[in-house]
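A closer look at the structure
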Amino acid sequence: MWLILSNKFEICNDAAVNVLGYTTQEELTSTHPSALSPPLQADGADSFVKAEQMMRTALDKGYHRFEWTHRKKSGEDFPVEVTLTAIPYEGEIGIYCVWRDVSARKKIEDKLIYASDVAEEANMAKSKFLALMSHELRTPLNAVIGFSELLALQALGPLNEKQTSIVTNIHRGGTLLLNLVNDLLDFAKIESGQFDIDIQTVDPCEIVETAISIVQRDVRFNDINLHWSAETKSLRPIKADKFRAVQSMVNLLSNAIKYNESGGNLWVELLEMEKDGFLTISVEDDGCGIKSEDFENIFIAFNRGNQKHSHIEGTGLGLNVTKRLIEAMKGRVRLESTWGVGSTFLVDLPKA
Ligand code: ADP
């Protein structure tokens, strides 16, 4: 610490003498203040001009705190944190100055900033790589799926039972892989900020019905009872990206089907929320449910909650992508679930 009176050092303590590399208090207090700082501060400001400003602020406000660069007698510069307090001293207003060497903290901060920049760059590179690879993978995959479907339909000639079974497996495997690649592509695009959202005024029923038509085959295949009532159809339109809203609903519906038993129920409902200007699409199932400790985890990419080791196929990307898409549309996703009883995913989207 030191005390400044009329722009001169009045007194200082031993710590200031030692840190700055002087021998006595007298030697330090008789040194001109300009010798204790480099000509320019870290922000490029002239030290003398800035010191004047800082002291004026302390005198005006009674107190001022800021960072400063000091210069040791040896010529070495180091960062300090300074507090200036205006105090009455022998009939004058003096400035009581306390400063602390923050070199160690600064070094750690610099290292952290560097590490975070490196991590950010690596993350961007990973996302770009994923986006590129996913794109390149889709073309040959579509050929595998298309041709195996043609074969399975026996459009190119009759197949025996064994051949049909093999071709059906090729088709199923190709479709699973394509879903995975599509999820990865979306995830990579969202991660690297390279995806567009085209918000328009859309009919919520159309979104639900399009999504239902896409999962219809799985509904039948898994023997799920789907309840979607037509009475709720006279609803106000919403603001959303139609394609992305349908994609989000397909994700939720597919989960409600695959995490359910054969003969289970799936209820889809549209609810008007008069209060806060949102319309809610509710997707409810009476499947296995989700443990409360997983409510947040399952929205994290690649996290499969309680299904980590299950036989049900999945990547743990669907909910992460869904949540980010809905949030990009200024909506929100909520979850209510009881383990062993069922789950309800609620998607709120802004009304037009
Ligand atoms: P995936 O289904 O590919 O694992 P998601 O991101 O879609 O990935 O879901 C993450 C996890 O959330 C799932 O692995 C599962 O544990 C849980 N989950 C999602 N929807 C349901 C549901 N309707 N019922 C039970 N669990 C669900």
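Look up: the structure comes first, before these words.
Residues numbered from 1 in each chain as written. Predicted model: local features only at pLDDT ≥ 70, side-chain atom pairs only at ≥ 80, totals over all residues. Heavy atoms only, no water.

**Describing a nonpolar patch on the surface**
A grouping of Phe-147, Leu-150, Leu-151 and Leu-156 is seen on the molecular surface, where their side chains present a nonpolar patch of about 390 Å² in accessible area. Within the secondary structure, Leu-150 is located in helix H4 (residues 103–152). Of the residues examined, Leu-150 reaches a relative accessible area of 34% and is grouped as partly exposed. (Patch = residues over 30% accessible without salt bridge, like charges linked within 9 Å, V, L, I, M, F, W, Y side chains within 5 Å. Areas by Shrake-Rupley, 256 points an atom, 1.4 Å probe, with all protein chains shown as cover. Salt bridge = Lys/Arg side-chain N within 4 Å of Asp/Glu carboxyl O. Helix = DSSP H or I, 4+ residues; strand = E, 2+ residues; numbered from the N terminus. Buried < 20%, exposed > 50% of the residue type's maximum accessible area, 1.4 Å probe, protein only.)

**Examining the site of the ligand**
If you check the shell around the ligand, you find 20 residues, and the closest are Asn-255, Tyr-259, Arg-304, Thr-315 and Leu-319. In the model, an oxygen atom of the ligand is placed 3.2 Å from a nitrogen or oxygen of the Gly-318 main chain. Coverage of the ligand by the protein chains reaches 97% of its 530 Å² of free accessible surface. A class-by-class count of the residues in the shell around the ligand yields 8 nonpolar, 9 polar and 3 charged. (Near = heavy atom within 4 Å. Polar contact = N/O pair within 3.5 Å; in protein donor to acceptor, adjacent residues only side chain to side chain. Nonpolar A, V, L, I, M, F, W, Y, C, P; charged D, E, K, R; others polar.)

**Considering the environment of Glu-52**
Its location among the elements puts Glu-52 in helix H3 (residues 47–61). Residues Glu-52 and Asn-7, spaced 45 residues apart in sequence, show a C-alpha to C-alpha distance of 8.9 Å.

**Points about the sheet that holds strand E12 (residues 342–350)**
One open sheet accounts for 5 strands, arranged E7-E9-E10-E12-E11; its pairing is mixed. Two strands in the sheet have a free side with no partner beyond their single neighbour: strand E7 (225–228) and strand E11 (332–338). When strand polarity is set aside, the average angle formed by the axes of neighbouring strands in this sheet is 15°. When E11 meets E12, the two strands line up antiparallel, connected through 7 bridges. Bridge pairing in E12 links Leu-335 to Phe-345. The strands that helix H8 (residues 318–328) touches are E11 and E12; relative to E12, the one it contacts most, it runs at about 25°. (Pairing = 2+ DSSP bridges. Axes fitted to C-alpha atoms, helices over the stretch in contact; angles between N-to-C directions. Contact = heavy atoms within 4.5 Å.)

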